[in-house]
Amino acid sequence: MRTFETLQAELFNQLQDQLFFARHSQTGFEQLQEFGKRAAFPSEEALTNLSRFEESLPGSTDAIDDVLQLLATHGSAASTSYMSGRYFGFVNGGMLPVSLAAKAMSIFWDQNTAMEVISPISAKLESVVQGWLVELFGLPHITVAGFVSGTSVSNFCALAAARWRILANQGWNVNARGMHGAPAIRVVTSTQAHSTIVKAISLNGLGTEQVEWIEVDNQGRIRADLLPELDASTIVILQAGNVNSGAFDDFQTIGEKAQETGAWVHIDGAFGLWAQATSSLKHLTRGIQLATSWATDGHKTLNTPYDSGLVMCADPQALAAALHMSGDYIIEGTRDGMYYTPEMSRRSRVIELWAALRYLGRDGIDLLVHGLHLLANQFASQIEAVEGFTVVNEVVFNQVLVQCPKDEITERVIRSIQADRTCWVGGSKWMGRKVIRVSICSWTTTTEDIARSVDAFSRAITAGQ
Ligand SMILES: *Cc1c(COP(=O)(O)O)cnc(C)c1O
């Protein structure tokens, strides 16, 4: 008869099998080795085979090799390859080998980063990386960082901090008294704010219908000239990198206005904040230090593995109070990660981020970010030369928006490029028209990949003629 002890014996055996982890990591590794040859998106066959996972929960313990074999065969084939060099969908970064290796090493430690006493190494790396980020982005020295899952959660945390501060300044403790009957908070943002900003506004009880939505210019930048009067109960939400055009709002002009009036400025810089870490693109983020909170992540532009969001806040008390579980205080002298994130238990995602920054250094970060921009420029100029395609945005960062003469053609071309699988791109709407979104976000992309992808675009537009 199987007992808990026999189950334990099986598990101990698995743990002590020296080749067990090596064997089962091999499939993932082999897939990665093929990155240049792999299609950016799974084949139709691989997608069909996903139905193999549709089974009811087994009644009894299965052979471990069967479990992992199923994953190796049908999981691997149906994964999307952001490392292919030709995946240009959404804004999905690749992975730096140093980050992947640091992650692979540290998964065996399985650290919980809630408190310093639970994981001293995580607490140390979080405080070191916080210091590096403050320097890299040129933020006020008082700025603290929380290591969250992505920019969505960063945006949510930053707005929670802003909400806490604005209400606390009016003698209203939102943690205790809630939002019902609270003094009004104004939210000013552009009609091009990212959908995760809209979500953060809703989650924080700020009400999307209460927002003062400001029109944008032809690149998707908030019209600074249309900004209403600001005051100390206003949150102004700006963006570094429009998710379609890659455009940056004018942080200097708006930041100065906000500082005069005591308004809180939050910058959503998911992929664009990294412009600040370059010498050639730094002009795009001029004035970012005038904000009070910033959201960005490692998993897009910096190419860390997924699950690497960063919330940074120059009002440490507000961030800690908004996210704190038991009171509005910070324990001085220690780094307890849970005061800067919504979660208590959390994996030690800082490790991959630390490894990326420690390896690249200032120069390497500059080269990476600037390199993605140059590839975007290459794509834009090559696609402009193909009849039927027009680039409709100024390529200031890593995003290229491509349009065909008619929306129907643009839609057909997107479907055709996706079916061809040389590269992967998605569509969007820009100024009322359909566009193809091209985001250059992986360090693996080469000039050759760009050329091959431009050829795939050409084939797609001629195919339907
Ligand atoms: C991707 C993105 C987000 C959301 O970030 P996640 O890391 O996916 O949660 C927010 N804002 C902008 C501008 C983005 O590009």
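Residues numbered from 1 in each chain as written. Predicted model: local features only at pLDDT ≥ 70, side-chain atom pairs only at ≥ 80, totals over all residues. Heavy atoms only, no water.

### Points about the packing of helix 13 (residues 407-420) against helix 14 (residues 447-463)
In plain terms, the rule: Between the N-to-C directions of two axes lies an angle of 0 to 180 degrees, each axis being a line fitted to C-alpha atoms and, for a helix, fitted only over the stretch in contact. Only DSSP runs of H or I covering at least 4 residues are called helices, and only runs of E covering at least 2 are called strands; the numbering of each starts at the N terminus. In this scheme, roughly parallel covers angles under 35 degrees and roughly antiparallel covers those over 145, while 65 to 115 is roughly perpendicular and the rest are oblique. Two helices crossing with the near one rotated counterclockwise from the far one by less than a right angle form a left-handed crossing, whereas a clockwise rotation gives a right-handed crossing. Residues are treated as being in contact if the distance between any of their heavy atoms lies within 4.5 Å.
Packing of helix 13 against helix 14 leaves a shortest axis separation of 9 Å and a crossing angle of 125°. Taken together, the axes of helix 13 and helix 14 are oblique relative to one another. Judged by the twist between their axes, the crossing of helix 13 over helix 14 is right-handed. Mapping the contact onto sequence places I409, R412, V413, S416, I417 and D420 in helix 13 and A456, F457, R459, A460 and I461 in helix 14.

### Considering the sheet that holds strand 5 (residues 264-268)
The test is simple: Here the rule is simple: two strands pair whenever DSSP picks up at least two bridges between them.
In space, the seven strands of this open sheet follow the order 1-7-6-5-4-2-3, with mixed pairing throughout. Here the strands that pair on one side only, and so sit at the sheet edges, are strand 1 (144-148) and strand 3 (212-214). Shown here is a sheet whose adjacent strand axes are inclined to one another by a mean of 20°, direction ignored. Pairing between strand 5 and strand 6 (residues 293-297): three bridges, direction parallel.

### Looking at the nonpolar core
This is how it is decided: The term nonpolar core refers to a set of buried residues drawn from Ala, Val, Leu, Ile, Met, Phe, Trp, Tyr and Cys, joined through side-chain atoms within 4.5 Å. Note on exposure labels: buried denotes an accessible area under 20% of the residue type's maximum, exposed denotes more than 50%, and partly exposed covers the range between, all computed with a 1.4 Å probe on protein chains only.
If you look at the biggest cluster of nonpolar residues, it comprises 83 residues, and the most contacted ones within it are I267, F389 and F457. Considering each element in turn, this core owes the most residues, 16 residues, to helix 12 (residues 350-384). Setting aside residues no more than four positions away along its own chain, F457 makes contact with F379, I383, F389, I417, C423, V425, I436 and V438.

### Re helix 10 (residues 251-261)
Defined as follows: Along the arc lie the directions from the helix axis toward the C-beta atoms. Under this definition, polar contacts are N or O atom pairs within 3.5 Å; protein pairs additionally need one hydrogen-donor-capable and one acceptor-capable atom, and for neighbouring residues in sequence, both atoms have to be side-chain atoms.
Inspection of helix 10 places F251, Q252, I254, G255 and A258 among the buried residues, and these make up the whole buried set. Down the axis of helix 10, the sector holding all buried residues measures 170°, keeping them to one side. Summarising the contacts, the buried residues of helix 10 are in contact with strand 4 (234-239) and strand 5. The residue sitting at the N-terminus of helix 10 and contributing the capping side-chain oxygen is D250; that oxygen lies 3.3 Å from the backbone nitrogen of Q252. Two residues or fewer past helix 10, G262 is found with a positive phi of approximately 85°.

### Brief notes about the sheet that holds strand 8 (residues 390-391)
Taking strand neighbours across the sheet as the criterion, the four strands line up as 8-9-11-10 in an open arrangement whose pairing is antiparallel. Strands with a single pairing partner mark the edges of an open sheet, and in this sheet they are strand 8 and strand 10 (426-430). Where strand 9 (residues 399-403) lies against strand 11 (residues 433-439), four bridges are found, and the strand directions are antiparallel. Pairing of V402 across the sheet is with I436, part of strand 11. Against the sheet, helix 12 engages strand 8, strand 9 and strand 11, with an angle of about 15° to strand 9.

### A few points about the site of the ligand
As a reminder of what qualifies: In this text, near means that some heavy atom of the residue lies within 4 Å of the molecule or strand in question. Exposure was quantified through the Shrake-Rupley algorithm and a 1.4 Å probe, taking into account, for residues, occlusion by the shown protein chains and nothing else. Charged means Asp, Glu, Lys or Arg here, nonpolar means Ala, Val, Leu, Ile, Met, Phe, Trp, Tyr, Cys or Pro, and polar covers whatever is left, Gly included.
Taken together, 13 residues form the shell around the ligand, and within it T151, S152, D268, H299 and K300 come nearest. In this structure, T151 approaches the ligand through a main-chain N or O atom, which is 2.9 Å from an oxygen atom. One of the side-chain nitrogen or oxygen atoms of K300 is found 2.8 Å away from an oxygen atom of the ligand. Compared with its free state, where it exposes 380 Å², the ligand has 85% of that area covered by protein. Of the residues in the shell around the ligand, the class split is three nonpolar, seven polar and three charged.

### A word on a nonpolar patch on the surface
Rules: Residues enter patches when their relative accessible area tops 30% and they take part in no salt bridge; the joining distance is 9 Å for like charges and 5 Å for the nonpolar side chains Val, Leu, Ile, Met, Phe, Trp and Tyr. For salt bridges, the criterion is a side-chain nitrogen of Lys or Arg within 4 Å of an Asp or Glu carboxyl oxygen.
Residues F12, L15, F21, M105, I107, F108, W109 and I121 make up a contiguous nonpolar surface patch of about 830 Å² in total accessible area. Mapped onto the elements, W109 comes out in the loop between helix 5 (97-106) and helix 6 (120-136). Note on W109: relative accessible area 39%, which makes it partly exposed.

### As for helix 5
S99, A102 and S106 are the residues of helix 5 that are buried. An end-on view of helix 5 places all buried positions within 65° of arc, on one side of the element. Seen from the open side of helix 5, the exposed residues pointing more than 90 degrees away from its buried face are P97 and M105. Looking at the buried side of helix 5, the elements it contacts are helix 12.

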